[in-house]
Amino acid sequence: MTHNKPNILYIYPDQMRYDAMSNSGNPVLETPAFDRLAREGVSFTNAYSSFPLCCPFRASIMTGKYTHKHGLYANHYPIPLGQEFLPEILNRNGYATGWIGKWHLSGGKKQDYVEKEYRCGFETFVGFTRGHSYDKSVFYRNDDATPRKTADFEPVYQTRHLFEFIDSAIEQDKPYFAAICYGMPHPPLVAPEEYLGMYDPEDVPISPNVPEDMEQEARQFTAKYYGLTKMVDDEVGKILDGLEKRHLLEDTVIIFVSDHGEMA
């Protein structure tokens, strides 16, 4: 590696609660990868979402602006064009830029192709408009509008595609800005059986404001939600191991963030 610019990796699990990590005090979840990020980096315990909806938050990340400035106020609408986007700035500064996963900034139907003009300048794009079909996922590569499918659960193939992009950047001897958006732990609560059954509903903490007649429903939901969260933690563990194996961990700034939580 001849350049001296830091690599940047943005990891975004969708709709993940702040307290769904063992390092934030959760008494049930074991999340060694999340814990490692907090232990070896900086944990922001008083950080707030710029907007508690998916699309406006994503637009803030791409523009560096609050909602009233970037102009995307609600879900399922395209991001207003004619403004500068983060990947464009990084492209000009010699970075390879790649997005993996759910986009949700181009409008359109679920599991649809994202037109190039709405990709905010990402040179490599392996993803789809929006939607959560973890066991029946569809994705598109760059300018090929042919839908692709895989037998793997969505987070598994997305981690694999992330490293395909990173390896390509290494071959080009470019610093990379890689962004991966896992749909999990956003409902629906669909995951491999070992994750769905990993936590006992009777062991999970629930909010004191849950009505008594909904307590069991809340426990069952939360237990499965924790299972999806654990699957994301396992994938993040693979990412950290993969970066370490490639001797990139010390040269990569990792930003782990979610748009908002889940009321459960």
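Here is a short report on the structure shown in this document. From a predicted model like this one, the values you see are computed outputs, not experimental measurements. Residue positions within a chain follow its written sequence, with the count starting from 1. Residues qualify for local features only when their pLDDT is at least 70, as the model is predicted, and side-chain atom pairs are given and counted only at 80 or more; totals for whole chains, interfaces and linings, by contrast, use all residues. Side-chain calculation: all heavy atoms of the structure are included, whereas hydrogens and water are not.

### Considering the overall build of the chain
A run of H or I in DSSP becomes a helix once it reaches four residues, and a run of E becomes a strand once it reaches two; helices and strands are each numbered from the N terminus. Scanning the chain for helices and strands turns up seven helices and seven strands. Helices (α) and strands (β) of the chain occur, in sequence order from the N terminus, as β-α-α-α-α-β-β-β-β-α-β-α-α-β. With the radius of gyration taken over C-alpha atoms, the globule rule is written as 2.2 Å times the number of residues to the power 0.38. Over its C-alpha trace the chain gives a radius of gyration of 18 Å, about what one expects of a compact globule, namely 18 Å for 264 residues. Taken over the C-alpha atoms alone, the chain extends approximately 55 × 40 × 40 Å along its principal axes. Only protein chains enter the accessibility calculation, which uses a 1.4 Å probe. A residue is then buried if its area is under 20% of the maximum for its type, exposed if over 50%, and partly exposed in between. When each of the 264 residues of the chain is scored for burial, the buried share is 49%. On the chain, roughly 12,800 Å² of surface is accessible, and the fraction owed to carbon and sulfur atoms is 52%. Residues scored as charged are limited to Lys and Arg (positive) and Asp and Glu (negative), so that His and the chain ends carry no count. Note that the charge is assigned to NZ on lysines, CZ on arginines, CG on aspartates and CD on glutamates. Across the chain, the centroid of the 26 positively charged side chains sits 7 Å from that of the 38 negatively charged ones. In short, Shrake-Rupley with a 1.4 Å probe defines the accessible areas, and a residue's cover is counted only from the protein chains shown.

### Topic: the layout of surface pockets
Definitions used for this entry: grid spacing 1 Å over protein atoms alone; cavity, a set of points where a 1.4 Å probe fits but cannot get out; pocket, an open set with protein on both sides within 12 Å along at least 5 of 7 lines; lining residue, one with an atom within 4 Å of a point. Grid points are joined across faces, edges and corners, and a volume is the space filled by probe spheres set on the points. The computed volume of the largest pocket comes to approximately 1,200 Å³. Taken together, 34 residues make up the lining of the largest pocket; nearest its centre are Val42, Ser43, Phe44, Phe256 and Val257. Elements supplying a minimum of two residues to the lining of the largest pocket: α1 (32-40) and β7 (252-256). Asp, Glu, Lys and Arg are counted as charged, while Ala, Val, Leu, Ile, Met, Phe, Trp, Tyr, Cys and Pro are counted as nonpolar; the rest, among them Gly, fall into the polar class. The residue makeup of the lining of the largest pocket, split by class, is 18 nonpolar, 10 polar and six charged. The computed volume of the second largest pocket comes to approximately 330 Å³. The wall of the second largest pocket is formed by 17 residues, among which Ser207, Val210, Thr222, Met263 and Ala264 lie closest to the centre. A per-class count over the lining of the second largest pocket returns 10 nonpolar, four polar and three charged.

Interpretation in functional terms is not warranted from these geometric data alone.
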